[in-house]
Every structure is written in C-alpha cells, then in structure tokens.
Amino acid sequence: METLSGNLLLITFFMYLLATIFFTVSVTGKKWRNKQGDMSGNRWGTFGFITTIIGFVSAVGYFVTRWMAAGHAPVSNMFEYTTFLGIALSFAFIILYGIYKTNVLGMFTMPIVMLIIAYASVFPSEVEPLIPALQSNWLKIHVTTTAIGQGILSIGFAAGLIYLVRTLDFTARGKKVFWLEFIMYSLVSVVSFVLIRYIFAIANYEASFQYVDENGNDAEMTYNLPPILGPNEGELLTDGAMQPLLSMPAWLRSDDANTVLWSLLAGIVLYALLRLILRKPIGGAIQPLLKGIHPETVDEVSYRAIAIGFPVFTLGGLIFAMIWAQIAWTRFWGWDPKEVWALVTFLFYAAYLHLRLSKGWHGERSAWLCVIGFAIIMFNLIFVNLVIAGLHSYA
Amino acid sequence: MNEIKCDCGHVNPYGTQLCQNCGKPLEEKGKNASMVDMRYEGAARRSQTYNKSMVDKIWNFFSSVKVGIWIIVLTLVASSIGTIFPQEMYIPNTVDPAEHYKDEYGIAGQIYYTLGFHNLYGSWWYMALIASLGISLIIASIDRVVPLYKALKNQRVPRNEAFLKRQRLFGHTTVRDADNTLDKAKAVLKGKRYNIREENGSLLAEKGRFSRWGPYVNHLGLVIFLTGAMLRFFPGMYVDDIVWVREGETEVIPGTDGQYFIENERFIVELYDENDETFQEALERAGGPTVKNFQTDAVLYKRADTSVVGTTPELEEVKEEDIRVNHPLRFDNFALYQLDYKLNELNTMTFSLDNRETGESIDTIEIDLFDPKDEYDLGDGYKVVIDSYFPNFEFNDDGEPSTTSSIPDNPAFIFQMFSPEHPDGEYSFVGIQRNEDVFKENDYQMSFRDVNTKNVTALTVRKDLTLPFIIVGASIFMIGLIQGSYWSHRRIWIKQKDKDVWIAGHANKHWESLRKDFQSLSDETGLVMPEDKLKQKNDKESEGKG
Ligand code: HEM
C-alpha cells in the first residue's frame, strides 16, 4: 500500500510537470483559429487543465492509500504536511482556473506546486506512529483546512507575481526590479536546495556530531550536508567529514540552519548562472511571454484568491486550531510561535483586504502585498517549524 | 446644519454626496468626476460630517480605516516580536528569567528581557493595542452601517442620468423596440436570480445585497470574541490548576470548593510495539520507544449533600472515565486533562529487624512513606521507633541530614531499635543503598526487604467561563466573513426613454462576475456591452507610460 501510494505521488509529479509545459506552450505558443476563423487561443491550456486534473486525482489516490497504510490521515509530519500543501495549492488552482480560465496562472502555479512537492520529498517519508498529542480528529481537520487555505492564498501570490512580471519596467534598475529578482532568487534557492539534498543523498554523505543540547544534555546529531555550521559545543564523530567553520547556539537547530545556508549559497550560484545565460533579469526574460495578459484580470484573480482563501485559512488556522488546542493542550490559545505566526498571517491578510477596499491598493501594491503574504506563509512553514521548535514542531 | 436640496426636489441631510432619491452628485467634486464614488452610496456619515467637539475627534479617529489598518499592523508587528525568543511561560520555571535570557541569548536576550518582551502578550501596551482594535471595530462599523443600511433600504429605482453615466460600467444603446428589449432584459436578469424592481420605464436589478452586511457581522463577531478574551481576567471566570493523584487514592479537585473529588484507579503508559510492521522504519529511526498512550482510569465523585464540610466527606460516584491526552474528563464547566505523570513512585517500604549475630529475623514492619507511624511494637520487648524520617534525603550545607521535599524520592530513616538486650534502644541510619549503625556497635539491624511503588498522575484542572463568548464570537465572525467574501452585491440599472436605453452596473467587488452578467444580457437583448471605465483609464495610463 505504501509503495502504491508513493507511485501515485510520482505520477502526480509528472502530470504536473506536463501541465506546466502545456500551460507554458499555451501562453507563449501561436494562436489557433477555430472553424469560424475566429482567434480563439490554442487548445494547450485545455490540455494543461486536463493533465492537472489527472495529476490531482492521482494525488487524492496517494492521500487515501497512505491514510489506509498508516491508519491515520497523512498530515502528521513535515513530509506529509508539505506534500499536502502542494496538493492543496493545485486544488486551489483548479478552483480559480474554473472561474477565470487563465492559462498563465497555470504556467506560474504548477511549477510552484512541483517545487513544494519536491521540497517535501527531502524529509523522511516513512509512515510514522502518532504520539498521543497528535491523536485527534480535530488536529487533522485543522491541518488540512489550514493547508487548503494557505494553498488558495498562495494562488494570490502566483497571480501577484504574474502581475509584477507583466507590468514592471525591467530596463530601469530600481528597488522594484531588485525585489522581484529577489523573489526569483528565492525560488531558485529552493530548487538548489532540492538538488543539493539529492546529490549528497546519492553520495550517502553523513557527518555525525556529539553536542550539548538546549537542556544542557549530551546528544547526537547527524548532518546530511557538509557542516559549515556546527552544533553547540559539537564534536565531530565521523572520520573525514569537514570541520564546521562556525558553531551555533544550543537553541537553534544547527543542522537545519546549515541546510538553509547551503541552499542560499547554491541559489546564488544557480541564479548567477541563469543571469549569465539570459543576459537580463529573470523577470525581464519572462516578461515578453506575458504580452497578451490583461493586468486587470490577473489583479482580480489575485484578489479573488485571497477573498476565497482568507475565510478558509481563518477557519482552519485559527478556529479549528483553537478547538484542537482547547482539547489537547487545555487552552484554546497559548502564544506558541506557530500559533502567533498563524495570527500574524491572519492580521496581514486582514490589513491587505482593508488596504484594498478602503485605500484603493489595487494592481502593483496589491501584488507586492500578495508576495509578502506568501513569504509569511512560507516562513511559518519552514522557519518556525524547523528552527523555532514549539508544540507544533513536526520534525 | 444645512440640508441639501437636489434638483429632483428631494431634501438630503447635511453631508450627503449622492442624492438619496435620484443619485445625482451633490458636490462639485462629484459633478466634475467621470465616476461617482459609490462607497456607502454617497450617504452622510458622522465621521465625514462633524469634526468639532472632542467626541467628534475621537469618533473620527477610531472610525478611520487608515487608523484601523495601523492598529492591525502594529498588532501584527508586536505579535511577531514575541516569537523571537521564547516567552517567559515557555522557559523552565526553575531559573531566574533575568539570568536565563542573558545566558541563553546573550546581549540580545538581555535587551529583550529589559524591554519586557519576555512577557509581551500580557503587557499593558499589547492589551491596549487589542482594546483599541476593539474600539476601532465598533466605531468604524457603526459609522458606516447605519447610513449604508438606510441608503440601501430606501433606494429608488429611477436614477438620474448623471448618476448612471458616472458608473464604472455604463453603456448607451438606441433600440427599435424599447419595451420589448426591456422585457427581454428582465427575463435574462430574472434567470440570473436578480431581484427586479420597475418604475416608470426604469429598472433596478439587484442581487446579493445581504453580503454587504458581511463585514459588519464579522466585526461584531470579533468584538464579542475580544470581549470574551478580556473577561478571562475577571476572578472566577478562569481556573488553571494541577492535581497530582496516586493510584488508589482520591483527591479533592482544586477550584471546586471541595465539591468534587477524583480517584486514580490506575495510570498507564503504553508504547508502540517495536515490531509493528507499518511503523518499523520510523521507530528504528527514532531510536527509542515511542509513546502510544498516557491514560488515567479515573472516577469522579461529588460530595454528598448530607455531608458536613470539614468532616471526612461522604462521596457519591458521578462517573468513571479514562482520561487521555486529547480526551479530557468534563463535568460542570470543568475539564480534567492528562498533563504529567510519575511512574513507580515509592509508596511503602518493608524492613525486618534482624539479630546481627544469629541472622535471625525478629519481625517485619511495613512503613507507609506518606504516613509513617511513630513506633512499631513487635511484642516480646521488641519495638522499632522512627526517630527521624527524611522523605527526600540529602546532607544540607551544614552536613546535617535533611530532606528537600515531602515526596519520598530518596527516603532515609533513623531508627531506634528496642530489644530485651537493649531496653534503651540502639540507633541505626537506613537509606537507599546505605545502612549504618551510628555507633558501630549494634547487635541489631534493620534490613531492607521490599518496596511497593505506585504510579502518579498529574491532571490539569481547567474551568473557562469565557468559552461561550469565544464560541459565539468566532461563529458570528465566520458567518460574517463567509457572507461578505463568497457573495458580492451587484446592481444593474436600466433606464429607457423613447428609443434610448442606458445601462449601468455596480458591484462592491468581483467585477468580472458582473461583467459576465452584462455579457449575457448583451448577447440576449442586443444592448451594447457597457464599457469598463477603470480598464480604459488604466489602458490610457499605461499607453502614456509606454
Ligand atoms: C483583525 C481585525 C479585522 C478583521 C479580521 C476585519 C475583517 C474585515 C473583512 C473581511 C472585511 C471585508 C473586506 C472585503 O470584503 O474585502 C472588512 C471590511 C471593513 N473593515 Fe474590517 N476587519 C478588522 C478590523 C477592522 C478595523 C480595526 C477597522 C477600523 C477602521 C475596520 C474597518 C472596516 C471597514 C470600514 C470595512 C469595509 C466595510 C464595507 O465595505 O462596508 N476593520 N473587515
């Protein structure tokens, strides 16, 4: 069952890859004429959408079979949660494509979905037993609803990104272009993170440390990447592994910090390479492909995504979370970092809605806000989960 | 204050921007603009109208969305600062916070502590932020909902041309048969579930007006929620306590005025089976046992009405239930949660009084470590007296034997052993792993024979009377949020004079959907598709740029 589940996920991944290609062709390719001779765009968008649906059905298969194998809903560790978030994002895309039929949204969203699923795959993927605190239906309801909410909100980001790439003036080198390129660099870093993890995993790289943890006890930690950043008072146990250049304080998860550093460095290399090949900012290289896109439509898509996603996120990330916390942790709110960041996300999107509604922050400003919102969601997923260990820490 | 009279004869209250009756712009600004500002239907709002007294100024301050956004953003920033280092409640409570933050996080930690960020969410200024959020929500909502409600309720069907022309979606068509076109349009819009009103050749089709109340409903829910959160600080609303219960024992539940008691019949910790196929890999990686369940088999008792406070209570069983993580035991606004435990706590110890020379055992005594007797008479002139008892033994700073607590984690005794040979008694010191006679010349000794242990469970006792507010507030909030987000308010005006037909449309959001409705209308009736002024404006601007 577990093998079947893994294979279904693989199928999903390749379907999404195909969908990405189809959507890209539909946006950049030639327009076709239909029988009456009207320009009607080409059919690649429809193919992309169908492939997406097939991939999504396969993803549902993955979810169900893994649930059957584990005996509990597969949203209880980093691998499972992140994978689910990727699937939720593709689900959100299907909804918004249904409303607006914008192919360019698929061209931007599907690669992000793939990236998230690939990111998930670097975490240990075996089926884990549930510790008592996680044995709750409310927890599952909370986690799945939150992920779906975050998925829909992320569509706002994808649409915002399209808006920016479509409208920014890349010939002028200013703050805006810098930050847009920074987003591109961040995405490239995630790609390089996945690549590096796989390269060192194939090489079977390991470096073990004896160190002193945050409670002052001796503990062991194993790195899967060469340790640039070592643990607190760490002593290298593996022969021939690299000696860390810097030692981290006990409260920080040094192996994760090390991984982040590696990704950022590799990201720089990959990004520089891309710039050399393209000879322009990455955004500027994509821009000509988006000539035919109406900025107003993309703007409305991003707002619509947030208007749909905000209630779902609130319900899952705050209300169901409170119900679960009341049952499992004796109080509905405890100012745990993860909770606080869900609140921050909520407040941020509330501010977004008010700015848009009353201050008329449409178009470009709205798009930048969508980018920041997505950054907050990702920060919560990656940084708060891995680095600030709290009640919710999965890994 | 001056009332404003419109050309149509209607008298509007001071501050009105669009005539309540015909929609004609009343202010110069509106008359010259290409689009009317449809927000709140151009109705007079208190905050836009008065700014004289102190009350006006406070009202205007809190009703401003700009101020509201600032409050939201400040709360957001403050909240995130609180996650930089752990809050005080998450650091071990055995350490001094001032030292802890400095030692763990260096100079940054010290600054964090000095600024009071270690207890940020309970600080007066954080509370003040939340309170002003609440005030802002109330004032901003009242300021808008009243005029909006009146304006939408009293809206008239025929509108001034100036009003129609200045809508974002506006189109003009000359038709052959106006009546027929209007009938067709009506049918199309009915099919799209618009509510339709007609008056003198004018038509108003409206849909989803209730979604306009969404924001106010959700703000109301938030206010109720915040009120509930603040009530926490009233005495009696909130109980947060812990009770430790040993197996087989019954303890009074704190916070219940001695009315309820809890018995721990058994406490267990279950582990996952390491040979379980499904989880084998994960269990191996974890490298140690993984807990499957913490459980207290509990019985809840209530004091019988007849029993007198102060005497040993008579108890009536209320219910028997397993308390597990995620499965609290609930009764009467209270809940008991599995919080902590201690396995194999020492409970009784058995010793024998032996003759050292012959090895003969005189008799055994069993000592209840929580309630040791002063003396144990063994008959025939044998007797054991507990001279001193140290439940958690250690040598204090002066080198004297002492105890650090009353929990028998490391019990030690000084026994006085009486025997026919020694009617004055011999002294011996007995603890775990040690047995010393004090003067090194005893004929008798106390030998350790046996020990009985029990598991102890710790339960959180929780009462939270603010929960109804929280639940009602959160529910209303969600209803309002969905109401405002998943529906939109769309209106279509059609005005006909002879062969001329004007159509105009307004949506409070999601214009694309309104445009689709117009598209169907245009397809079915031949009325021209209205132009989108905003899109045109933007296109012009971007042309200008490009
Ligand atoms: C965290 C707190 C808040 C939340 C979650 C919240 C939520 C919302 C939502 C969801 C909407 C509808 C937005 C849309 O349809 O796009 C809205 C509208 C609005 N909010 Fe808030 N709000 C909050 C705080 C405030 C505050 C402090 C003010 C005070 C100025 C305020 C004033 C308004 C106004 C004036 C509207 C527009 C109402 C209308 O269109 O008739 N909100 N709010």
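Source: prediction; values computed, not measured.

Novice: Looking at this structure, how should I read the overall build of chain B?
Specialist: A count of helices and strands for chain B gives 13 helices and 24 strands. Taking the principal axes of the C-alpha coordinates as reference, chain B spans close to 130 × 60 × 50 Å. Within chain B, counting contacts between residues at least 6 apart in sequence, those at least 24 apart form 61% of the total. With the model as given, the accessible surface of chain B reaches about 28,600 Å², and the carbon-plus-sulfur share is 51%.

Novice: Could you clarify how one ought to interpret the UniProt feature "transmembrane region" (unreviewed entry) in chain B in this entry?
Specialist: All names here are of chain B. Summarizing the sequence annotation, UniProt attributes the feature "transmembrane region" (unreviewed entry) to residues 67-85, 124-146, 216-234 and 465-487 in the numbering used throughout. As a span, residues 67-85 carries 79% helix and 0% strand, and end to end its C-alpha atoms are 29 Å apart. For residues 124-146, helix accounts for 100% and strand for 0%, while the C-alpha atoms at its two ends are 33 Å apart.

Novice: Teacher, can you tell me more about the site of the ligand here?
Specialist: Close to the ligand lie 25 residues; Y303(A), H354(A), Y216(B), H219(B) and K509(B) are nearest. Around the ligand the close residues trace back to chains A and B. K509(B) is positioned such that a nitrogen or oxygen atom in its side chain is 2.4 Å from an oxygen atom of the ligand. Taken together, the elements giving at least two residues each to the shell around the ligand come down to helix 10 (337-358) of chain A together with helix 4 (65-81), helix 6 (124-153), helix 9 (214-231) and helix 11 (467-485) of chain B.

Novice: Looking at this model, I keep getting lost on the pairing of strand 18 (residues 412-418) of chain B. Mind explaining?
Specialist: On any regular strand, side chains alternate: one points to one face of the sheet, the next to the other face. Residues and elements named next belong to chain B. Across the seven residues of strand 18, seven count as buried, placing the element largely inside the fold. Across seven bridges, strand 15 (residues 382-390) lies against strand 18 in antiparallel orientation. For V384, the partnering residue across the bridge sits in strand 18 and is M417.

Novice: I'm lost on the coordination of the iron atom of the ligand in this one. Help?
Specialist: For a metal with four donors in a tetrahedral arrangement, the ideal angle between donors is 109.5 degrees, while six donors in an octahedron ideally sit at 90 or 180 degrees. Only H354(A) (NE2) and H219(B) (NE2) from the protein coordinate the iron atom of the ligand, and they sit 1.9 to 2.1 Å from it. One can describe the site at the iron atom of the ligand as octahedral: its six donor atoms subtend angles covering 84 to 177° at the metal. Residue H354(A) is found in helix 10, and its partner H219(B) is found in helix 9; the two belong to separate chains. Classification of H219(B) as buried rests on a relative accessible area of 16%.

Novice: Explain the nonpolar core here, please?
Specialist: Across soluble globular proteins, nonpolar side chains show a tendency to be buried alongside one another. Ranked by size, the top nonpolar core spans 145 residues in total, and within it L105(A), F108(A), L180(A) and L290(A) carry the most contacts. Setting aside chain neighbours within four positions, we find F108(A) in contact with L161(A), I162(A), V165(A), I286(A) and L290(A). The next biggest cluster of nonpolar side chains, apart from the first, holds 20 residues, and it includes V175(B), A178(B), I492(B) and A507(B).

Novice: Would you mind going over the interface of chain B and chain A with me for this structure?
Specialist: You'll often see interface size given as the accessible area lost when the parts meet. Between chain B and chain A, the contact holds 61 residues from the first and 61 residues from the second. The contact between chain B and chain A buries some 5,100 Å² in all, and 65% of this surface belongs to carbon and sulfur atoms. It is T83(B), N326(B) and H510(B) that lose the most area in chain B upon contact with chain A, and together they represent 12% of the buried surface on that side. The interface formed by chain B and chain A includes zero salt bridges. Inspection of the region where chain B meets chain A yields 12 residue pairs in polar contact (both at pLDDT 80 or more). A per-element tally of the side of chain B that touches chain A places helix 4 of chain B first, with nine residues. Classifying every residue of the side of chain B that touches chain A gives 31 nonpolar, 15 polar and 15 charged.

Novice: Would you take a moment to explain the domain arrangement of chain A for this structure?
Specialist: All names here are of chain A. Annotation of chain A at the domain level lists domain 1 (2-170 + 280-386) and domain 2 (173-279). In this structure, domain 1 and domain 2 have C-alpha centres spaced 25 Å apart. With 22 residues of domain 1 at the contact, the number on the domain 2 side is 22 residues. When domain 1 packs against domain 2, close to 2,000 Å² is buried across both sides, 77% of that on carbon and sulfur atoms. Linking domain 1 with domain 2 are one salt bridge. Across the pair K176 and E364 runs a salt bridge, and its minimum N-O distance is 3.0 Å. At the junction of domain 1 and domain 2, the tally comes to six residue pairs in polar contact (both at pLDDT 80 or more). At the level of elements, helix 4 (103-120), helix 5 (137-167), helix 8 (282-286) and helix 11 (363-386) are the ones that each hand at least two residues to the side of domain 1 that touches domain 2.

Novice: For this particular structure, what's the right way to read the side chain of R303(B)?
Specialist: Residues and elements named next belong to chain B. Position of R303 relative to the elements: it lies in strand 9 (residues 291-303). Residue R303 is classed as buried on the basis of its relative accessible area, which comes to 10%. Of note is the side chain of R303, whose polar atom sits 2.9 Å from the backbone oxygen of G258.

Novice: How do you make sense of the environment of P147(B) when you look at a structure like this?
Specialist: All names here are of chain B. As for its position among the elements, P147 is in helix 6. Residues P147 and Y40 lie 107 residues apart in sequence; the distance between their C-alpha atoms is 7.3 Å. Ignoring sequence-local partners within four residues, the contact set of P147 consists of A43, A44, R45 and I142.

Novice: Could you clarify how one ought to interpret the domain arrangement of chain B in this entry?
Specialist: All names here are of chain B. In terms of domains, chain B is made up of domain 1 (42-152), domain 2 (168-215 + 473-545), domain 3 (238-343 + 458-463) and domain 4 (351-452). The distance between the C-alpha centroids of domain 1 and domain 2 comes to 39 Å. Counting from both sides, the interface comprises four residues of domain 1 and, opposite them, five residues of domain 2. Among the residues domain 1 hides against domain 2, the three largest losses belong to L148, Y149 and L152. Together they make up 91% of the total. Where domain 1 touches domain 2, the interface holds one residue pair in polar contact (both at pLDDT 80 or more). Its residues assigned to classes, the side of domain 1 that touches domain 2 shows four nonpolar, no polar and no charged.

Novice: How should I be thinking about the state of the cysteines in this particular structure?
Specialist: Think of a disulfide as a covalent bridge from one cysteine sulfur atom to another cysteine sulfur atom. Residue and element names in this part refer to chain B. The final tally for this structure, using the stated rule, is zero disulfides over all chains. Counting only cysteine sulfurs, C19 is the nearest neighbor of C6, a cysteine outside any disulfide, at a range of 3.7 Å. Of the residues examined, C6 reaches a relative accessible area of 6% and is grouped as buried. Between C8, a cysteine without a disulfide, and C6, which holds the nearest cysteine sulfur, the sulfur-to-sulfur distance is 3.7 Å.

Novice: Is there a simple way to think about a nonpolar patch on the surface in this case?
Specialist: All names here are of chain A. Taken together, the side chains of M1, L4, V60, V64 and M68 define a hydrophobic patch exposed on the protein surface, amounting to about 440 Å² of accessible area. Top element by residues in the nonpolar patch is helix 2 (residues 44-70). It accounts for three residues. With respect to the helices and strands, the residue M1 is situated in the segment before helix 1 (2-28). On the basis of relative accessible area, M1 is assigned to the partly exposed category, the value being 48%.

Novice: How do you make sense of the pattern of salt bridges when you look at a structure like this?
Specialist: Residues and elements named next belong to chain B. Scanning all chains against the criterion turns up 24 salt bridges over all chains. Measuring nitrogen to oxygen at the nearest pair gives 2.9 Å for the salt bridge that ties K342 to D409. With K342 in strand 12 (residues 334-355) and D409 in the loop between strand 17 (401-403) and strand 18, the pair connects residues that are 67 residues apart, well separated along the chain. Note on K342: relative accessible area 24%, which makes it partly exposed. Its relative accessible area of 43% is what places D409 among the partly exposed residues. Notably, a salt bridge pairs K383 with E375, separated by 3.9 Å at the nearest N-O pair. Given the relative accessible area of 40%, E375 is considered partly exposed. A single salt-bridge network, built from bridges that share partners, covers R168, E512, R515 and D532.

Novice: Can you walk me through helix 4 of chain A in this structure?
Specialist: In an α-helix, one turn spans 3.6 residues; hence positions three or four apart end up facing the same way. With 18 residues, helix 4 of chain A extends 26 Å from end C-alpha to end C-alpha; this agrees with the ideal 26 Å at 1.5 Å per step. Burial analysis of helix 4 of chain A places 16 of its 18 residues in the buried class, which makes it a mostly covered element.

Novice: Help me understand a negative patch on the surface, please; the structure alone is not making it clear to me.
Specialist: A surface patch of like charges, here negative, comprises E2(A), D273(B), E274(B), E281(B) and E284(B). Among the structural elements, D273(B) can be located in the loop between strand 8 (260-271) and helix 10 (280-286). With a relative accessible area of 45%, D273(B) lands in the partly exposed category.

Novice: Would you mind showing me how to read the confidence of the model for chain B here?
Specialist: Detailed conclusions should not be drawn from predicted coordinates in areas where pLDDT is low. Residue and element names in this part refer to chain B. On average, residues of chain B score 85 in pLDDT, and 96% of them are at 70 or above. The spread of mean pLDDT over the elements of chain B runs between helix 13 (residues 533-545), the lowest at 60, and helix 11, the highest at 95. Interface scoring of the predicted complex returns ipTM 0.87; its pTM is 0.87.

Cut-offs and rules
- Sequence order as written defines residue numbering, which begins from 1 separately in each chain.
- Starting at A for chains and at 1 for ligands, labels are handed out in the order in which the entities are written.
- Note on the predicted model: pLDDT of at least 70 is required for a residue's local features to be given, and 80 or more for side-chain atom pairs to be given and counted; whole-chain, interface and lining totals, by contrast, use all residues.
- Where side-chain values are given, they derive from all heavy atoms of the structure, hydrogens and water being excluded.
- Per the convention used, a helix needs a DSSP run of H or I reaching at least four residues, while a strand needs a run of E reaching at least two, with both numbered from the N terminus.
- Whether two residues are in contact is decided by their heavy atoms: any pair within 4.5 Å suffices.
- Areas reported here follow the Shrake-Rupley algorithm with a probe of radius 1.4 Å; residue values treat only the protein chains shown as occluding.
- UniProt positions are given in the numbering used here, feature names are shortened, and annotations may be inferred rather than shown by experiment.
- For each residue, the test is whether any non-hydrogen atom lies within 4 Å of the molecule or strand; if one does, the residue is near.
- Under this definition, polar contacts are N or O atom pairs within 3.5 Å; protein pairs additionally need one hydrogen-donor-capable and one acceptor-capable atom, and for neighbouring residues in sequence, both atoms have to be side-chain atoms.
- Here's how the labels work: a residue is buried when its accessible area is under 20% of the maximum for its type, exposed when over 50%, partly exposed in between, all with a 1.4 Å probe on protein chains only.
- Any two strands between which DSSP finds at least two bridges are classified as paired.
- Each metal's donors comprise the N, O and S atoms found within 2.8 Å of it (within 3.2 Å for Na, K or Ca). Water is not part of the atom list, so some coordination spheres may appear incomplete.
- Angular criteria define each label, namely tetrahedral for four donors with all angles between 85 and 135 degrees, square planar for four and octahedral for six donors with opposite donors over 155 degrees apart and remaining angles between 65 and 115, and irregular for whatever fails these tests.
- Only buried residues count toward a nonpolar core. Its members are Ala, Val, Leu, Ile, Met, Phe, Trp, Tyr and Cys residues joined through side-chain atoms within 4.5 Å.
- As a working definition, buried area equals the accessible area (1.4 Å probe) given up by two parts on being put together, with both sides summed.
- The term salt bridge refers to a pairing of a side-chain nitrogen on Lys or Arg with a carboxyl oxygen on Asp or Glu at a separation within 4 Å.
- Any residue that is not Ala, Val, Leu, Ile, Met, Phe, Trp, Tyr, Cys, Pro, Asp, Glu, Lys or Arg is counted as polar, Gly included; the first ten are nonpolar and the last four charged.
- Where each domain starts and ends follows an automatic or database-derived domain assignment.
- Disulfides are defined as pairs of cysteine sulfur atoms found within 2.5 Å of each other.
- The patches reported here contain residues having more than 30% relative accessible area and no salt bridge. Joining distances are 9 Å for like charges and 5 Å for nonpolar side chains (Val, Leu, Ile, Met, Phe, Trp, Tyr).
- Between the first and last residue of a helix there are one fewer steps than residues, each counted as 1.5 Å, and that sum is the expected span.
- In this tally, Asp and Glu contribute negative charge and Lys and Arg positive charge; neither His nor the terminal groups of the chain are included.
- Charge placement uses NZ in Lys and CZ in Arg. For Asp and Glu, CG and CD serve respectively.
- For every residue, the predictor states its confidence as a pLDDT score lying anywhere from 0 to 100.

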